[in-house]
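Breakdown of the fold
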Amino acid sequence: MAAAQGGDRAAMDVLLRRHHERIWAVCRRLAGNDADAADATQEAMLLIVRRIGTFDGRSQFTTWAHRVATNACLDELRRRKRRPTDRLPDDDPEHGRTLPDAGAPVDHVVSERLDIDAALAALSDEFRVPIVLRDLGGHDYAQIAAILDIPAGTVRSRIARGRARLAELLGPGNQPAPTDRPSTRP
Amino acid sequence: MTDSPSPADPGPVDPDVELASAHLDDEAGADERARVEDPVVAAHLAAFGRVADQVRDVPPPPAGLLDDQVARAMASFDDEARVVPIGRTAGATPWWQRIPLGAVAAALIVVALVGIASLGGFGGDDEDTAATAFDSTDDSAGDSGDDSAAGGAQAPMADAMEESATLETEAGLAPDRARFDSYDDLVASLQDELARPTAATGGQAGDPDDTAGEERSAGDGEGVTDPCDAVAVLDVDPATVVLVRAAVVASDDVTVVVHDADDGRRLAAVDDATCTVVLDRLL
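Quick summary incoming for the structure in this document. This one's a predicted model, so the numbers in the text were calculated from it and none came from an experiment.

Looking at the overall build of chain A
- Check the secondary structure of chain A and you find ten helices and zero strands.
- Secondary structure of chain A in N-to-C order comes out as α-α-α-α-α-α-α-α-α-α.
- Burial status across chain A gives 45% buried among its 186 residues.
- Across chain A, every contact between residues at least 6 apart in sequence was considered, and the portion connecting residues at least 24 apart equals 66%.

A look at the overall build of chain B
- Counting its secondary structure elements, chain B contains twelve helices and five strands.
- A total of 283 residues make up chain B; the buried ones form 35% of that total.
- Within chain B, contacts between residues at least 6 apart in sequence are counted, and of these 57% link residues at least 24 apart.

Some words on unusual backbone geometry
- For A:Asp149, which is not glycine, the phi torsion reads 60° and is therefore positive.
- With respect to the helices, strands and loops of the structure, A:Asp149 is situated in the loop between α9 (141–148) and α10 (152–169).
- Classification of A:Asp149 as exposed rests on a count of 8 C-beta atoms within 10 Å.
- Unusually for a residue other than glycine, B:Asp235 sits at a positive phi of about 60°.
- Structurally, B:Asp235 can be placed in the loop between α12 (230–234) and β2 (241–249).
- By C-beta crowding, B:Asp235 is classed as partly exposed, having 14 other C-beta atoms within 10 Å.

Some thoughts on the sheet that holds strand β1 (residues 178–180) of chain B
All names here are of chain B.
- Strand order in this open sheet of five strands is β1-β2-β3-β4-β5, and the pairing throughout is mixed. In this open sheet, the two edge strands, each paired with only one partner strand, are β1 and β5 (276–282). Between one strand and the next, the sheet's axes are offset by a mean angle of 30°, whatever the strand orientation.
- Sheet analysis places β2 next to strand β3 (residues 252–261), joined by eight bridges and oriented antiparallel. Considered in β3, the bridge of alanine 247 is made with valine 254.

Observations regarding the packing of α10(A) against helix α3 (residues 39–56) of chain B
- For the pair α10(A) and α3(B), the least separation of the axes is 9 Å and the interaxial angle reads 85°. Judged on the interaxial angle alone, α3(B) and α10(A) are roughly perpendicular. Here A:Arg163, A:Leu166 and A:Ala167 of α10(A) come into contact with α3(B), specifically with B:Ala47, B:Phe48 and B:Val51.
- When grouped by side-chain class, the residues that make up the contact of α10(A) with α3(B) number five nonpolar, no polar and one charged.

Quick word on the interface of chain A and chain B
- Taken residue by residue, the interface counts 58 residues in chain A and 46 residues in chain B.
- Looking at the side of chain A that touches chain B, the elements that each hand over two or more residues are α2 (9–31), α3 (34–51), α4 (61–82), α8 (125–135) and α10 of chain A.
- For the side of chain A that touches chain B, the leading source of residues is α10(A), giving eleven residues.
- When the residues that make up the side of chain A that touches chain B are grouped by side-chain class, the tally is 24 nonpolar, 13 polar and 21 charged.

Observations regarding the packing of α8(A) against α10(A)
Residues and elements named next belong to chain A.
- One can describe the packing of α8 onto α10 by two numbers: an axis separation of 8 Å at closest approach and a directional angle of 100°. Of the possible angle classes, the one that applies to α8 and α10 is roughly perpendicular. Contacts between α8 and α10 involve Glu126, Phe127, Arg128, Pro130, Ile131 and Arg134 from the first element and Val155, Arg158, Ile159, Arg161, Gly162, Arg163 and Arg165 from the second.
- When its residues are assigned to classes, the contact of α8 with α10 shows five nonpolar, one polar and seven charged.

A few points about the environment of B:Arg177
Residues and elements named next belong to chain B.
- As for its placement among the helices and strands, arginine 177 is situated in the loop between α9 (154–170) and β1.
- A residue is classified by how many C-beta atoms lie within 10 Å of it, and arginine 177, with 21 of them, is buried.
- Taking the C-alpha atoms as reference, arginine 177 lies 8.4 Å from aspartate 253; in sequence the two are 76 residues apart.
- The residues contacting arginine 177, other than those within four sequence positions of it, are Ala246, Ala247, Val248 and Asp253.

Thoughts on the pairing of β3(B)
All names here are of chain B.
- Hairpin remark: β2 followed by β3, antiparallel, with two residues in the connecting loop; positive phi at alanine 250, about 50°.
- Bridge count for β3 against strand β4 (residues 264–271) is eight bridges, and the pairing is antiparallel. The residue bridging aspartate 260 from the neighbouring strand is arginine 265, located in β4.
- The antiparallel pairing of β3 with β4 creates a hairpin that spans two residues between the two strands.

The rules behind the values
- Residues numbered from 1 in each chain as written.
- Chains lettered and ligands numbered in written order.
- Predicted model: local features only at pLDDT ≥ 70, side-chain atom pairs only at ≥ 80, totals over all residues.
- Helix = DSSP H or I, 4+ residues; strand = E, 2+ residues; numbered from the N terminus.
- Buried ≥ 20, exposed ≤ 12 C-beta atoms within 10 Å, placed from the backbone.
- Contact = placed C-beta atoms within 7 Å.
- Pairing = 2+ DSSP bridges.
- Axes fitted to C-alpha atoms, helices over the stretch in contact; angles between N-to-C directions.
- Parallel < 35°, antiparallel > 145°, perpendicular 65-115°, else oblique.
- Nonpolar A, V, L, I, M, F, W, Y, C, P; charged D, E, K, R; others polar.

What follows is the structure, encoded as structure tokens:
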């Protein structure tokens, strides 16, 4: 890490490769589709390169990197929401799917068959982000609190509340069929 | 250990739900663990375990994405290494050690000239003495183009201030940042400022038919220390930008951008340390 901060190209390359998969996983779950996740992951990696000089060692590098990556992902997604779409729904099945609004009542969305992307999209950022940082980032509550700049008790209650909502949305009757798709578990 | 009720968090979370979730994450206290055997808590625990499994079951990145993205990031790394940083570079040498002495001397001379100009030819205009916290050197630089409204006596001062702002930027000095305890204070200050008729325009700020306003908008932000290029970070059309300012909000250095969007006039702030958006709302 110190070598990368000092301008060592090889060290930076190793650092980026080491963290890419987990940043991808976090951005993928926050974005809900591959295309937006890819752009968000790229933004996050560029930001880590540009801002590595600001890492002061007071937290773990992973915590810092995920803070930067999470903010980059959310920024990218906000920008996309503001931007008029230039894709037709038929171009990409992922974009063609209609996700429930974050603020939609549970009764409205629960009647549909939801997969995990749609269920996460039904949560607002304040619940979705700590869950993703916990289950994919592998951070404990104190680290998530540092990343999001909120108290650890708030992290705990938001994760609990978000999971309860997800369990409701993904209830036994709405579970997606298991697939053979490989996964990227931390 | 629970949130206060709010529109976002309606009421306290069910203790069984919170315990099951915390236990799943190995964050439950020793006194709480005894309650995990409770059938209701156990049922929540099982359900949350299934949810967590699904959250973790992330599709792998597309083939080649890792190499592509690392290559692009490394190209940026190479560019960064070639470019001498300007403005604030946290973690590097403190700013006061990077100020060339010559530039300090030049800035002091300019400040002295400004003082002389204001004493000799500027008689304490109420509009300026009642300036808001945001009225700093960059304002004067941006407003200096309209002499007919500002009056001839202001021109030397405006020129001097503009020169001062330029010198400060060239020397790597941040212009004085307005300080706010909270974003609410920042919003209130900006609302005041933008609602106030200005001497330069003689009308409401942001009037789309006001060409003087457009000139001011284009000039506003000159001399502002903006290490992240906030307008680019926000991905807004530069033509819609009303103002760009450096500020300190609750000890964080931020660059504030006011711009006109489809849904109205928006206020955004970009954290100068992380180059990320920390505020984006209608003004």
